[in-house]
Structures are given as C-alpha cells and as structure tokens.
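# Structural features, examined
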Amino acid sequence: MKNDNKLSLWEKYLTKEIGIEFKACLYFFAILFFYCVFRVVNGVYSAEILHLTEMIFTCYIIGYIQVYLFANFDEAEKLGGREIAGMIVCTALYCAVSHFGNWFDKCLPVTAGFAAYLLLAYVCVFYIYKSKRRIDDKQLNEELRLFQTQHKKVHDEDK
C-alpha cells in the first residue's frame, strides 16, 4: 500500500517551483518599486519594457540560484554564513545585471543603494518567513490539541 503521508518526488518538485514563482514575483515587485522611484526622481514617468523584461527573467534565474545553490536562504531557520553568502552573491548578480542592463543609468551610487535595498529586502523576507513558520507552528499545535481533545472525547464515549 502507498504511503500517502510522504511527499512524492513530483510534489517536492512542485513545491520548489511554486516557491520560486513566489520569490520571482516578490523580488520583481521590490526591484520594480526601486526602479520606478529612481525613474520618477529623475523626471521620467515611464518604464523601459526591456528593463522590465530583464528584471523578471533575472528574478526567475536568481530564484533558481537561491533555491538550488543556496538552499533557499531566505527561508532558512537562521542567518548563518551560507545564508549571508547567498544574499551577497544574489545581490551582486542583481547589481551586475542592473549595471550592464543600464537600469539605473550605470550610476554607481544608485547601484550601491540598490544593493543595500536588496540586502534589506532579503533580511526582511527572512524574518517574515521565520515569523510565518512560528505562527504556523502555533496554529498546527492548536489544531492538534483540538483533534486530540475530540479524539479522546469520542474514545471515552465508546467505552
């Protein structure tokens, strides 16, 4: 008989892919916000479609790097050396693409600000995921307690 409690290879893969999709959207929005603020501050009220395309593709590629090379560092239990290295490498990749893609007119101070912004975003996302896990744990423990209470009640009625 098949063990339905164990995740299949397909389910594990699908879970990672959904996570990458979510990360791509999350980081694309954060990058797009920074980009739009940069453009507006410089008196430009439109976005370059090529820049947007580069941004979203970069977010997907870096999402794969985050998940498969750096063990999903923004969803880690703690911020250790591997997680910080992942944040730095991924930030450097975003900055390299932004520079060569001319997202910020190759302005090094803006690119440095972009790097700081991304590092802050990574740290914030790390703490958001950590908080979500804590809340989920509490919720699951409460549901388990309720289930055990109900199960005990039914079991006692059967006696």
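Just so it is clear, the structure is predicted and the values come from calculations on it, not from any experiment.

The rules we used
Residues numbered from 1 in each chain as written. Predicted model: local features only at pLDDT ≥ 70, side-chain atom pairs only at ≥ 80, totals over all residues. Heavy atoms only, no water. Helix = DSSP H or I, 4+ residues; strand = E, 2+ residues; numbered from the N terminus. Rg over C-alpha atoms; globule rule 2.2 N^0.38 Å. Phe/Tyr/Trp six-rings, centres within 6.5 Å; stacked < 30°, edge-to-face > 60°. Expected span 1.5 Å × (residues − 1). Buried < 20%, exposed > 50% of the residue type's maximum accessible area, 1.4 Å probe, protein only. Contact = heavy atoms within 4.5 Å. Salt bridge = Lys/Arg side-chain N within 4 Å of Asp/Glu carboxyl O. Core = buried A, V, L, I, M, F, W, Y, C linked by side-chain atoms within 4.5 Å. Disulfide = S-S within 2.5 Å. Axes fitted to C-alpha atoms, helices over the stretch in contact; angles between N-to-C directions. Parallel < 35°, antiparallel > 145°, perpendicular 65-115°, else oblique. Left-handed = near helix turned anticlockwise from the far one by under 90°. Nonpolar A, V, L, I, M, F, W, Y, C, P; charged D, E, K, R; others polar. Polar contact = N/O pair within 3.5 Å; in protein donor to acceptor, adjacent residues only side chain to side chain.

## Brief notes about the overall build of the chain
- Along its length, the chain carries four helices and zero strands.
- When the elements of the chain are put in sequence order from the N terminus, they spell out α-α-α-α.
- Relative to the compact-globule value of 15 Å for 159 residues, the chain shows a C-alpha radius of gyration of 21 Å, a clear excess of over 25%.
- Along the first, second and third principal axes, the C-alpha set of the chain runs to 75 × 35 × 35 Å.

## Points about the packing of aromatic side chains
- By the definition in use, this model includes 14 aromatic pairs.
- Taking 5.8 Å as the distance between ring centres and 35 degrees as the angle between the ring planes, the aromatic pair formed by W10 and Y13 counts as tilted. With W10 and Y13 both in helix 1 (residues 9–41), this residue pair falls three residues apart, about one helical turn.
- For the ring pair F126 and Y127, a centre distance of 5.0 Å and an interplane angle of 80 degrees mean the geometry is edge-to-face.
- Counting every residue linked through ring pairs, the aromatic cluster contains F34, Y35, F38, W103, F104, F114 and Y117.

## Some words on helix 4 (residues 108–158)
- Relative to the 75 Å expected for 51 residues at 1.5 Å per residue, helix 4 spans 74 Å between its end C-alpha atoms, a close match to the ideal helical length.
- Residues of helix 4 that are buried: T111, F114, A115, L118, A121, Y122, V125, F126 and Y129.
- The secondary structure elements touched by the buried residues of helix 4 are helix 1, helix 2 (49–69) and helix 3 (81–100).

## Description of the pattern of salt bridges
- Throughout the structure, instances matching the rule amount to six salt bridges.
- The residue R39 makes a salt bridge to E48 at a minimum N-O spacing of 3.8 Å.
- Take E48: its relative accessible area is 40%, and that puts it in the partly exposed class.
- In the salt-bridge network here, residues are joined through shared partners; they are K23, D74 and E75.

## Thoughts on the nonpolar core
- If you look at the biggest cluster of nonpolar residues, it comprises 27 residues, and the most contacted ones within it are I31, C59, Y94, W103, F104, F114 and Y122.
- Discounting chain neighbours no more than four positions away, the residues touching W103 are I31, Y35, F38, H51, E54, M55, T58, Y94, V97, S98 and F114.

## A few points about the state of the cysteines
- Applying the stated rule across the entire model yields zero disulfides.
- The thiol of C25 is not disulfide-bonded; the next cysteine sulfur, from C59, is found 8.8 Å away.
- Here C124 is not cross-linked by a disulfide; its sulfur's nearest cysteine counterpart is in C59, at 16 Å.

## Topic: the environment of Y13
- Its relative accessible area of 42% is what places Y13 among the partly exposed residues.
- A sequence separation of 61 residues divides Y13 from D74, and the C-alpha atoms of the two residues are 18 Å apart.

## Description of the packing of helix 1 against helix 2
- Packing of helix 1 against helix 2 brings their axes to within 8 Å, and their N-to-C directions diverge by 140 degrees. Compared by their axis directions, helix 1 and helix 2 come out oblique. At the point where helix 1 passes helix 2, the crossing takes the right-handed sense.
- By residue class, the composition of the contact of helix 1 with helix 2 is 16 nonpolar, three polar and five charged.

## Regarding the side chain of D74
- Position of D74 relative to the elements: it lies in the loop between helix 2 and helix 3.
- Here D74 falls in the buried class, since its relative accessible area comes to 0%.
- Reaching out from D74, the side chain makes a polar contact with the side chain of Y27 at a distance of 2.6 Å.
- A polar contact is formed between the side chain of D74 and the side chain of Q66, at a distance of 3.1 Å.
- In this structure, D74 is in contact with K23, Y27, Q66, V125, F126 and Y129, ignoring residues within four places of it in sequence.

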